[in-house]
Amino acid sequence: MGGNRELKKATEAYWAGKISAEELIQTGKNLRASHWKVQKDAGAGTIASNDFSFYDHVLDHIQLFNAVPNRYRKYNLPALDEFFAMGRGLQRAATDSTSAVDVPALEMVKWFDSNYHYVRPTLQDNQTFSLAADPKPVREFLEAKAQGVNTRPVLVGPVSFLHLGKPDRGASVDPITLLENLLPTYIELLAKLKEAGADTVQIDEPVLVLDLPSRTKAAFKTAYSKIAAAGVSIPQITVATYFGDIVHNIDVLPSLSTVSAIHVDLVRNPEQLDTVISALAPGQILSAGVVDGRNIWKTNFQEAISIVEKAIGALGADRVVVATSSSLLHTPHTLASEKKLPAEVADWFSFASEKAKEVAIIARAVTEGAASVKAEIDANAASMRSRATSARTNDPAVKERQSKVTAAMYERQSPFTGRIAAQQAHLGLPLFPTTTIGSFPQTKEIRVARQKFGKGDISATEYESFIEKEIELVVREQEALGLDVLVHGEPERNDMVQYFGERLTGYVFTNFGWVQSYGSRCVRPPIVVGDISRPAPMTVKESKYAASITSKPMKGMLTGPITCLRWSFPRDDVHQSVQAEQLALALRDEVVDLEAAGVNVIQVDEPALREGLPLRSGKERDAYLDWAVKSFRLATTGVKDVTQIHSHFCYSEFQDFFHAITALDADVLSIENSKSDAKLLKVFEDEAYPRHIGPGVYDIHSPRVPPQEEIKARIEEMLQFLKPQQLWINPDCGLKTRQWPETRAALDIMVKAAKEFRAKYQA
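What counts and what doesn't
- Residues numbered from 1 in each chain as written.
- Predicted model: local features only at pLDDT ≥ 70, side-chain atom pairs only at ≥ 80, totals over all residues.
- Heavy atoms only, no water.
- 1 Å grid on protein atoms, 1.4 Å probe; cavity = no way out; pocket = protein on both sides within 12 Å on 5 of 7 lines; lining within 4 Å.
- Points joined across faces, edges and corners; volume = space filled by probe spheres on them.
- Helix = DSSP H or I, 4+ residues; strand = E, 2+ residues; numbered from the N terminus.
- Nonpolar A, V, L, I, M, F, W, Y, C, P; charged D, E, K, R; others polar.
- UniProt positions renumbered as here; feature names shortened; annotations may be inferred.
- Buried < 20%, exposed > 50% of the residue type's maximum accessible area, 1.4 Å probe, protein only.
- Contact = heavy atoms within 4.5 Å.
- Polar contact = N/O pair within 3.5 Å; in protein donor to acceptor, adjacent residues only side chain to side chain.
- Disulfide = S-S within 2.5 Å.
- Pairing = 2+ DSSP bridges.
- Right-handed = clockwise from strand over helix to strand, strands pointing away.
- Phe/Tyr/Trp six-rings, centres within 6.5 Å; stacked < 30°, edge-to-face > 60°.
- Lys NZ or Arg CZ within 6 Å of the ring centre and 35° of its normal.
- Axes fitted to C-alpha atoms, helices over the stretch in contact; angles between N-to-C directions.
- Parallel < 35°, antiparallel > 145°, perpendicular 65-115°, else oblique.
- Left-handed = near helix turned anticlockwise from the far one by under 90°.
- Salt bridge = Lys/Arg side-chain N within 4 Å of Asp/Glu carboxyl O.

*Asks:* How do you make sense of empty space enclosed by the protein when you look at a structure like this?
*Replies:* Picture a little ball the size of a water molecule; that probe, rolled over the atoms, points out where space is still empty. Inspection of every chain in the model, using the stated rule, returns five cavities of 30 Å³ or more. In this structure, the largest cavity encloses a volume near 550 Å³. Lining the largest cavity are 33 residues, and of these M496, R521, W567, C733 and K736 sit closest to its centre. Of all the secondary-structure elements, those providing two or more residues to the lining of the largest cavity are β16 (515-518), β17 (521-523) and β19 (554-559). Broken down by element, the lining of the largest cavity gets its largest block of residues, three residues, from β19. Along the lines of polarity and charge, the residues of the lining of the largest cavity split into 15 nonpolar, eleven polar and seven charged.

Put into structure tokens, the structure is as follows:
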């Protein structure tokens, strides 16, 4: 994205028609040059290329291999516009020079257990592959070479690309069976990279950290034996894994014996080192990921150097490479931009640019000796001591409250059957009730007012008056549209996690710590540095005001404890279950206060619950679900039966942990569904889910307004798996990133569709 989110700004300007494609492309070139220089100046021995994307790196590969579904190809769009159409959809009317286009986005799902989202390869029964005429990895390698930087291109591996894909609607193909069709395209690409001068290529196969079916595991042998058969016509290959260990798939490593190096994540799973070393082929290099690519804490040099030295002792210095655990996509750009962090706290952090330097320091320590970097090691040790002993990290009052949590605090007053009757009597909702997920468009006026208030240009009274006017606007819009359960629109909130973090103890915040979530969407995760508590109510004033100006039910909006934790940079010195319980207790107080203020529908969002799920089944996953569910229940069970608890999940595949979804005991779930296939809903039928559910009927990540027949078709599909009495009608997610015209139009269509079904079923 760039240190100042240059890519976000340029991309959105292009979408708005304010800059040309050439100007956007030049922005990309400028950023790549800048990032290569940062790594070179840091002393990195290997610098990556093809790790830049205008939207998503997996989407790049969809276009690279010409795996673009025909619903996009048929419009003959310029390559850049086709790319964005797959990522975010495209809807435009015909003009004198262009034809009409109306196409939704491809499905977007979480990248393993991160908050990054990738665009899912969507494959056909008769799928073919071919290499793009001007392959992006070759083009960007040559671009770096012209600047005097010899890079290692990064590719998503053939097995991971297919395993992470899915059959298109109406198709039945098992993606991994397409491997033989795909491999010639990979080999052609590798040969072109070799011809361009690339000595090495990194092929990412992160699916090796997952539990894999036998067919996928066998695919590694097929893929890499065929790649090896290309011999000297291709570069040397490093196969990279991350976000977990590969011990359970260690039997795959012989299939990778012909590649020059294997990269493993020794931050997440340092205990895999011995097993991986013993499984390496003779002469094969170990890339040791000892600098955390997923969090912002300084690397403990003593521990990292010890791990690398152990590897060197077993393999020799010429067979060990020091590396980050994963891509640095998931960390902010540079700590140098942060001028307002407390000096004590800033000393504990390391962002992407600093992590590149850490890699070089560790490498020097193990090759030239610790004395060569003594000053850096001593300073690092002092940072570790400072954090461990700081008063910022420990609050005895929080720990005392945690010690008094009882089993009864995890239970509602009555089972769902009793609660729902009380809620229906109180709320008086119709069949197929309509609502939204929470946020409404964050206009320029809202952002400007927030900035003015932050700078002190307007008073608190002036800002609060502005916010109340915005809330009233949103309430009146919803009343006019005919929605049944309203929200206040969240105009006062900058981010669904940061807003709460700013009102809790134990957090600190950055000014420029942006990371990419998807496409041009960036988030600025708060940082948990100490024990967490709630000094005062956080949302009650705005929700109480919104409820006072309408006769319809008003929904209070909170972010759940797991999402607050997962979408922050958490502490790494305290188990996440401890941090989640602290957040749950703080939110419990907020839920009780909202109810006391007359808000009897309260949504506690947990879109990150699935994201936090350990990648493999077993004891670790079971333990996570136990404390995650307890945290949600602790946050939500302090209310009376008449108060209806909602929760929201996005980009979640529930099949692996449906029992935990049921155990949350939420009265109503809303889920992202518009780009998912029917199997997501089938699990609710198969498991006889007893409570209410609102599967999203349209995609809010696209500006496209769906036609009414499309929404009606989705509702019909939902009713194949859910009872009419269970079904709520809502969008996929919050509307913060949308504009008002498309928001009004889409919600109007949604409400009209719901009313049609209401009339049909009541008749």
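*Asks:* Teacher, can you tell me more about the UniProt feature "binding site: Zn(2+)" (unreviewed entry) in the protein here?
*Replies:* As annotated by UniProt and renumbered to match this structure, "binding site: Zn(2+)" (unreviewed entry) occupies H648, C650, H659, E672 and C733. Across 86 residues, the annotated set is spatially dispersed, with a maximum C-alpha separation of 23.1 Å. The subset of these annotated residues that lines the largest cavity comprises H648, C650 and C733. C650 gets classed as buried once you look at its relative accessible area, which sits at 6%. Beyond its immediate sequence surroundings of up to four residues, C650 is in contact with P607 and E672. Along the chain, E672 turns up in the loop between β22 (668-671) and α25 (679-686). What makes E672 buried here is its relative accessible area of 3%.

*Asks:* I'm lost on helix α3 (residues 57-64) in this one. Help?
*Replies:* Every α-helix carries 3.6 residues per turn, so stepping three or four residues along brings you back to the same face. The buried count for α3 comes to eight of eight residues, which makes it a mostly enclosed element. Every buried residue of α3 is listed here: H57, V58, L59, D60, H61, I62, Q63 and L64. The distance from a side-chain oxygen at the start of α3 to the backbone nitrogen of V58 is 3.2 Å, and the residue carrying that oxygen is D56. Phi for N66, located one or two positions after α3, is positive at around 55°.

*Asks:* Looking at this model, I keep getting lost on the state of the cysteines. Mind explaining?
*Replies:* Put plainly, a disulfide is one covalent bond tying together the sulfur atoms of two cysteines. Scanning the entire structure with this criterion turns up zero disulfides. A disulfide-free cysteine, C522 has its sulfur positioned 16 Å from the sulfur of C733, the nearest such atom.

*Asks:* Honestly, the pairing of strand β12 (residues 285-291) in this entry has me stumped. Any pointers?
*Replies:* The two faces of the sheet receive side chains in turn, since in a regular strand these alternate between them. β12 sits mainly inside the fold: six of its seven residues count as buried. One ladder, built from five bridges, connects strand β11 (residues 261-265) with β12; its direction is parallel. Its bridge partner being in β12, A261 is matched across the sheet by I285. The handedness of the β11 to β12 crossover, carried by helix α10 (residues 273-279), is right-handed. Inspection of the sheet shows β12 paired to strand β13 (residues 320-324) by five bridges, in the parallel sense. Paired with S287 across the two strands is V321, which belongs to β13. Between the parallel pair β12 and β13, the chain is carried across by helix α11 (residues 301-315), and the sense of this crossover is right-handed.

*Asks:* Hey, could you run me through the packing of aromatic side chains in this one?
*Replies:* The description of two aromatic rings rests on the distance between their centres and on the angle between their planes. Scanning all chains against the criterion turns up 25 aromatic pairs. Between the aromatic rings of F658 and Y689, the centroid separation amounts to 5.8 Å while the plane-to-plane angle is 80°, which identifies the pairing as edge-to-face. Taken together, the residues F658 in helix α24 (residues 658-663) and Y689 in the loop between α25 and β23 (692-695) connect sequence positions 31 residues apart. Of the two residues, F658 and Y689, neither departs from the other in class, the shared state being buried. An aromatic cluster of at least three residues, connected via ring pairs, comprises Y14, W15, Y55, F83 and F84. One Lys or Arg, R387, reaches over the ring of W297 and ends 3.5 Å from the middle of that ring.

*Asks:* Please explain the sheet that holds strand β9 (residues 200-204) as it appears in this structure.
*Replies:* Sheet strands associate in pairs through backbone hydrogen bonding, adopting either a parallel or an antiparallel arrangement. Read from one edge to the other, the open sheet built from seven strands follows the order β1-β7-β9-β10-β11-β12-β13, with strand pairing classed as parallel. Of all strands in the sheet, those with a lone pairing partner are β1 (47-49) and β13, marking the two edges. The mean angle between the axes of side-by-side strands here comes to 30°, regardless of whether they run parallel or antiparallel. Running over the sheet, helix α6 (residues 136-146) touches β1 and β7 (151-156) and is turned about 165° from β7. Relative to the sheet, helix α8 (residues 179-196) contacts β7, β9 and β10 (236-240), its axis offset from that of β7 by approximately 170°.

*Asks:* Sorry if this is basic, but what is going on with the UniProt feature "domain: Cobalamin-independent methionine synthase MetE N-terminal" (unreviewed entry) in the protein here?
*Replies:* Under the feature "domain: Cobalamin-independent methionine synthase MetE N-terminal" (unreviewed entry), the UniProt entry names residues 1-310. Taken end to end, residues 1-310 comprises 39% helix and 15% strand; its first and last C-alpha atoms sit 36 Å apart.

*Asks:* Teacher, can you tell me more about unusual backbone geometry here?
*Replies:* A negative phi angle is the norm for most residues apart from glycine, just as the trans form is the norm for most peptide bonds. Of note in the backbone geometry, N66 takes a positive phi value of approximately 55° without being a glycine. With relative accessibility at 21%, the residue N66 sits in the partly exposed group. Positive phi, close to 65°, is recorded for D665, a residue that is not glycine. Taking the relative accessible area as the measure of exposure, D665 reaches 13% and is therefore buried.

*Asks:* Would you explain the packing of helix α22 (residues 576-596) against helix α23 (residues 619-636) in this entry?
*Replies:* In a packed pair of helices, the relevant descriptors are the angle between the two axes and the axis-to-axis distance. As a packed pair, α22 and α23 sit with axes 7 Å apart at the nearest point and diverge in direction by 20°. On the basis of the axis angle, α22 is roughly parallel to α23. For the pair α22 and α23, the sense of crossing is right-handed. In this structure, α22 uses Q576, S577, A580, E581, A584, L585, L587, R588 and V591 to contact α23, whose residues at the interface are W627, S631, R633, L634 and A635. Split into classes, the residues belonging to the contact of α22 with α23 amount to eight nonpolar, three polar and three charged.

*Asks:* What is the right way to read the sheet that holds strand β14 (residues 486-487) from this model?
*Replies:* The strand order across the open sheet built from six strands is β14-β19-β20-β21-β22-β23, with neighbouring strands paired in parallel fashion. Each end of this open sheet is capped by a strand with a single partner; those strands are β14 and β23.

*Asks:* Mind showing me how you'd approach the pattern of salt bridges here?
*Replies:* A side chain with one charge can pair with a side chain of the opposite charge if their charged atoms come near. In this structure the tally under the stated criterion is 57 salt bridges. Among the ionic pairs, D589 bridges to R401, the shortest N-O distance being 2.9 Å. Here R401 lies in helix α15 (residues 396-403) and D589 lies in helix α22, a separation of 188 residues in the sequence. Here D589 falls in the partly exposed class, since its relative accessible area comes to 22%. Taking the shortest distance from any N to any O, the salt bridge between R714 and E710 comes out at 3.2 Å. Separated by four residues within a single helix, R714 and E710 lie in helix α26 (residues 708-718), roughly one turn from each other. Relative accessible area serves as the criterion here: at 17%, R714 is assigned to the buried category. Residues joined in a network through salt bridges with shared partners are R387, K399, D531, R571, D572 and D573.

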